[in-house]
Number of protein chains: 2
Amino acid sequence: MGGDFAPRAPIAGALQALGALPPQHYIELVGQTSVIEAELDALLRGDFAPLARVRDRIAIVEAPDVIAMTDKPSVALRGKTNSSMVVGIKRVADGHAHGFVSAGNTGAQMAASLVHLKLHTGLTRPAIGTIFPTAKDPILVLDSGANMDCSPEELVQFARIGTVYARALLGRDNPAVGLLSVGEEPEKGNAAVKDAHQRLLASGLNFLGNVEGRDIPNGRCDRGVIDVVVCDGFTGNVLLKFYESIGPMLIGMVAKVAALDAREIARSLTQLDVDEQGGAPLLGVRGVSIISHGKSSPRAMENAIMVALRAYESGMTDEIGRRLSDTMPTTSGNAA
Amino acid sequence: MGGDFAPRAPIAGALQALGALPPQHYIELVGQTSVIEAELDALLRGDFAPLARVRDRIAIVEAPDVIAMTDKPSVALRGKTNSSMVVGIKRVADGHAHGFVSAGNTGAQMAASLVHLKLHTGLTRPAIGTIFPTAKDPILVLDSGANMDCSPEELVQFARIGTVYARALLGRDNPAVGLLSVGEEPEKGNAAVKDAHQRLLASGLNFLGNVEGRDIPNGRCDRGVIDVVVCDGFTGNVLLKFYESIGPMLIGMVAKVAALDAREIARSLTQLDVDEQGGAPLLGVRGVSIISHGKSSPRAMENAIMVALRAYESGMTDEIGRRLSDTMPTTSGNAA
């Protein structure tokens, strides 16, 4: 029920995903049954008629409450206990579903994921992991929006979570972690980053040291290829939204000087297409919860469902839990 | 003496600037006299021979000490009191020069500017103001690297300084100020940003509210055109370096799919060329101090000298001082 184009975009995305997936996969649409049924019928009578065969792989799970994009997460969670967000995440928590995808209120999705899926042992915060396209292989940037003010220890947690995710989902051996800062020297950065740098040196992770804004588009710094970039969710979110918008702007400028069709160029640069990512996993919780952009198209929702499936099939959740307990210091208090 | 290509790039840039400027302007080269004289002679015997006529508009000011790019600012300032950085900034402080330009150690330049030029009344920190090209008119982003952890009140100071600079140097009437955050709602952002938002509402400035990363390349948000973006120097510096690097990367990608020459495209997009900016003013100090990139080319140094000249001729320094005292709350304690 959430997102700017709900319920049409999530339902259309679900139909497309089922059309592409083998028959053992099915999807539960969580929300107001009558609204979902009406939309599903309309789609299957219209452009989506060729996908009528997947209709019996869709179940509808009733959830009468709707969390608005403007609702305060804590209030929504308390007041709207039968929202599609809460009911859907509970389906994952109780083992009925293997992953949850939403384009709705991000704050509410995080809060509901924390309450119902819960964090892995040793973590104090989850992080949103986003894939940034680069001139080389894509980079995982986390946190890209879950936590505004981060402690040094939280930045180290993100490095641990990111390392496991890059190995499990991006297939990187021994992922190299960079700490986002304003210079490569350990003494460069804000207070949290300078402290986190020292903790990362002692973390046992494959720590590259500080990386700078310029290193992300290059996919590497002077010390080698970067797999994971760690930053607080404020900086990560500013950077992510900047990246989403600078691509179209630059393509427009280049198209103009080269007298080319900007849409034609954009279509060829699929790695810059936010729809291709589909959604970003909320990392650190015990279950698959994929956060999609509020403006997600059916294609973005389809891809987000694929991200959820890969996350589940990779065993990412268990892997993060296991690796975290492997690499965590034995005492939980790790203050410097 | 500072920067990756010193002393050649600053000296060549000075020759080019004098070649372009009317004869009443002259330049002092501050540093080790023998080194500067040798370089100057070599340039004027070589590619710069056509500029021999400007030689008598160059004076050399002896400064035996050299601050390395890796020197700690505070240590450099105490130990190297006769560095080109300190001697040059003192020439501005004592009224012998109207502006100072350096591609040397940024931290040392900031420290020396603070000590010798001093801050305007009512300010606690200076800020580096950088021009970001956008799809519309350029935007002034500050702070882009002087201050890593900023208090809410410092963010408000940056808004005041940026407003005056945008009016004096960019010719904007009633400049519109956006506060960089992760959503337009006042309750979005980190702790400092949320507090600064409330202070900016009460500041009497033309405050647009929060702007997001995506609004910078667009040059506008839903509430109108943006002239000034305020952020802490950590976020601003990450964003600036990301911007400098994403342009060439995207141009390379577009050139590849369109089968065009990337250098050809880059040459046409002069607004993305960091050399065109030349340097960024350190705003808030009582005098013109222009910070150039360590990798500045002669062309970048020439442009930085032009930025210094425009800053001086616009009366920016006095204007900032006057406007700050106009718009400042009458009591210095402005805690919410």
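For every chain, the first residue of the written sequence is number 1, and numbering continues from 1 onward in sequence order. Naming scheme: in the order in which they are written, chains are lettered from A and ligands are numbered from 1. Local features in a predicted model are, by the rule used here, given only for residues with pLDDT of at least 70; side-chain atom pairs are given and counted only at 80 or more, and totals for whole chains, interfaces and linings are based on all residues. As a rule here, side-chain values come from all non-hydrogen atoms in the structure, and water together with hydrogens is ignored.

## Describing the overall build of chain A
Put simply, DSSP H or I for four residues or longer makes a helix, DSSP E for two residues or longer makes a strand, and each gets a number counted from the N terminus. Within chain A one finds 13 helices and 13 strands. When we talk radius of gyration, it's over C-alpha atoms, and the globule rule is simply 2.2 Å times the number of residues to the 0.38. Against the globule reference of 20 Å for 336 residues, chain A gives a C-alpha radius of gyration of 20 Å, in line with a compact fold. Throughout, exposure labels follow a simple rule: accessible area from a 1.4 Å probe, protein chains only, divided by the maximum for the residue type, with under 20% read as buried, over 50% as exposed, and the rest as partly exposed. Counting every position in chain A, which comprises 336 residues, the buried fraction comes to 56%. Counting only contacts in chain A whose residues sit at least 6 apart along the sequence, the fraction spanning at least 24 positions is 69%. For chain A, the computed accessible surface area is about 13700 Å², with 51% contributed by carbon and sulfur atoms. Taken together, the 32 basic and 37 acidic charged side chains of chain A have centroids lying 1 Å from each other. By the convention used here, residues are in contact when the closest approach between their heavy atoms is within 4.5 Å. Calculation of accessible area relied on Shrake-Rupley with a 1.4 Å probe; when residues are assessed, cover is drawn exclusively from the protein chains displayed. Counted as positive: Lys and Arg. Counted as negative: Asp and Glu, with His and the chain ends omitted from the count. For charged residues, the charge sits on one atom: NZ in Lys, CZ in Arg, CG in Asp, CD in Glu.

## Thoughts on empty space enclosed by the protein
Residue and element names in this part refer to chain A. Method remark: on a 1 Å grid restricted to protein atoms, a set of points is classed as a cavity if a 1.4 Å probe fits but cannot get out and as a pocket if it is open with protein on both sides within 12 Å along at least five of seven lines; lining residues have an atom within 4 Å of a point. Grid points are joined across faces, edges and corners, and a volume is the space filled by probe spheres set on the points. According to the stated counting rule, one finds 1 cavity of 30 Å³ or more in the structure shown. Along the walls of the largest cavity sit Gly 2, Gly 3, Asp 4, Phe 5, Ala 6, Ala 9, Pro 10, Ala 103, Gly 294, Ser 296 and Met 301, which together make up its complete lining. Side-chain classes are defined by residue name, with Ala, Val, Leu, Ile, Met, Phe, Trp, Tyr, Cys and Pro counting as nonpolar, Asp, Glu, Lys and Arg as charged, and the others, Gly among them, as polar. Residues belonging to the lining of the largest cavity are distributed by class as follows: 6 nonpolar, 4 polar and 1 charged.

## Describing the pairing of strand β12 (residues 280-283) of chain B
Within a regular beta strand, the side chains point alternately toward one face of the sheet and then the other, so they alternate between its two faces. All names here are of chain B. Two strands pair under a simple rule: DSSP has to find at least two bridges between them. Pairing between strand β4 (residues 127-128) and β12: 2 bridges, direction antiparallel. Residue pairing in the sheet places Ile 128 in a bridge with Leu 282 of β12. Pairing of β12 with strand β13 (residues 289-291) involves 2 bridges; the strand directions are antiparallel. Across the sheet, the residue bridging to Ala 280 is Ile 291, located in β13. Adjacent in sequence and paired antiparallel, β12 and β13 are bridged by 5 residues, among which Gly 284 carries a positive phi angle near 110°.

## A short note on the interface of chain A and chain B
On the side of chain B, 47 residues touch chain A, which itself brings 47 residues to the contact. Using a 1.4 Å probe, buried area is obtained as the accessible area two parts lose upon being combined, added over both of them. Between chain A and chain B, roughly 4000 Å² of surface is buried when both sides are summed, and carbon and sulfur atoms account for 78% of that area. Sorting the residues of chain A by area buried against chain B places Phe234(A), Lys241(A) and Phe242(A) first, and these three jointly supply 17% of that buried surface. By definition, a salt bridge exists where a carboxyl oxygen of Asp or Glu is found within 4 Å of a side-chain nitrogen of Lys or Arg. Our count for the chain A to chain B interface comes out at 2 salt bridges. A salt bridge links Lys241(A) to Glu212(B), with the nearest nitrogen and oxygen atoms 2.5 Å apart.

## Some points on the nonpolar core
Take the buried residues of types Ala, Val, Leu, Ile, Met, Phe, Trp, Tyr and Cys, join any two whose side-chain atoms come within 4.5 Å, and each joined set is a nonpolar core. With 169 residues, the main nonpolar core has Leu142(A), Val230(A), Leu142(B) and Val230(B) as its most contacted residues. Once residues lying within four places of it in the same chain are set aside, the contact partners of Val230(A) are Leu142(A), Leu155(A), Phe158(A), Ala159(A), Val177(A), Gly178(A), Leu179(A) and Leu180(A).

## Remarks on the relation of the copies chain A and chain B
Superposing copies: least-squares fit, C-alpha atoms only, residues required to have pLDDT of at least 70 in both. Taken as rigid bodies, chain A and chain B are interconverted by a rotation of 180° and an axial shift of 0.0 Å, the fit giving an RMSD of 0.0 Å. Taken together, the rotation angle and the small translation identify this as a two-fold axis. Within chain A, Thr235(A) has its C-alpha nearest the rotation axis, a separation of 2.9 Å. The overlap is high: 100% of the interface residues of chain A also sit at the interface in chain B, so the same surface is used on both sides.

## A word on the sheet that holds strand β5 (residues 130-132) of chain B
Residue and element names in this part refer to chain B. Taken together, 5 strands build an open sheet; the order of strands is β5-β6-β11-β7-β8 and the sheet is mixed. Both edges of this open sheet fall to β5 and β8 (207-211), since each of them pairs with a single strand only. Across the sheet, the mean angle from the axis of one strand to that of its neighbour is 30°, orientation sign disregarded. Examined bridge by bridge, strand β6 (residues 139-142) and strand β11 (residues 228-230) share 3 bridges and lie parallel to one another. Across the sheet, Leu 140 pairs through a bridge with Val 228, a residue of β11. Note on method: axes are straight lines fitted to C-alpha atoms, helices fitted across the in-contact stretch only, with angles between N-to-C directions ranging 0 to 180 degrees. Contacts between helix α9 (residues 233-258) and the sheet are confined to β5 and β7 (177-180), with β5 contributing the most and set at about 50° to the helix.

## Side note on the pairing of strand β1 (residues 27-31) of chain A
Residue and element names in this part refer to chain A. Among the 5 residues in β1, 4 count as buried, and that is most of the element. As paired elements, β1 and strand β2 (residues 58-62) share 5 bridges and run parallel to each other. Counterpart to Glu 28 in the pairing with β2 is Ala 59. Handedness of a crossover: with both strands directed away from the viewer, a clockwise path from the first strand across the helix to the second marks it as right-handed. In the classification by handedness, the crossover that spans β1, the intervening helix α2 (residues 33-45) and the parallel β2 is right-handed.

## Here we look at the side chain of Asn190(A)
Secondary-structure assignment places Asn190(A) in the loop between β7 (177-180) and α7 (191-201). Given a relative accessible area of 9%, Asn190(A) falls into the buried group. Only 3.0 Å separates the side chain of Asn190(A) from the backbone nitrogen of Val193(A), close enough to count as a polar contact. The contact partners of Asn190(A), leaving out residues within four places of it in the chain, are Met148(B), Asp149(B) and Phe234(B). N or O atoms within 3.5 Å of each other form a polar contact, as long as, within protein, one can give a hydrogen and the other can take it, and as long as residues adjacent in sequence are counted only when both atoms are side-chain atoms.

## Structural notes on the domain arrangement of chain A
One frequent convention defines the size of an interface as the accessible area lost when the parts assemble. Residues and elements named next belong to chain A. Residue ranges assigned to each domain were obtained from an automatic or database domain assignment. When the domains of chain A are assigned, the result is domain 1 (1-123 + 284-324) and domain 2 (134-276). On the side of domain 2, 12 residues touch domain 1, which itself brings 17 residues to the contact. Both faces considered, domain 1 and domain 2 share a buried interface measuring about 1300 Å² in area, 66% of it formed by carbon and sulfur atoms. For the pair domain 1 and domain 2, the number of links is 1 residue pair in polar contact (both at pLDDT 80 or more). If you list the elements that add at least two residues to the side of domain 1 that touches domain 2, you get α12 (298-313) and α13 (316-327). Looking at side-chain class alone, the side of domain 1 that touches domain 2 contains 7 nonpolar, 6 polar and 4 charged residues.

## Structural notes on the pattern of salt bridges
All names here are of chain A. Applying the stated criterion to the full structure yields 27 salt bridges over all chains. A salt bridge links Arg 8 to Glu 39; its shortest N-O distance comes to 2.7 Å. With Arg 8 in helix α1 (residues 8-20) and Glu 39 in helix α2, this residue pair connects regions lying 31 residues apart in the sequence. A relative accessible area of 46% means that Arg 8 is categorised as partly exposed. Linking Arg 299 and Glu 302 is a salt bridge whose minimum nitrogen-to-oxygen distance equals 3.9 Å. Of this pair, Arg 299 and Glu 302 both sit in helix α12, 3 residues apart, which is roughly one turn of that helix.

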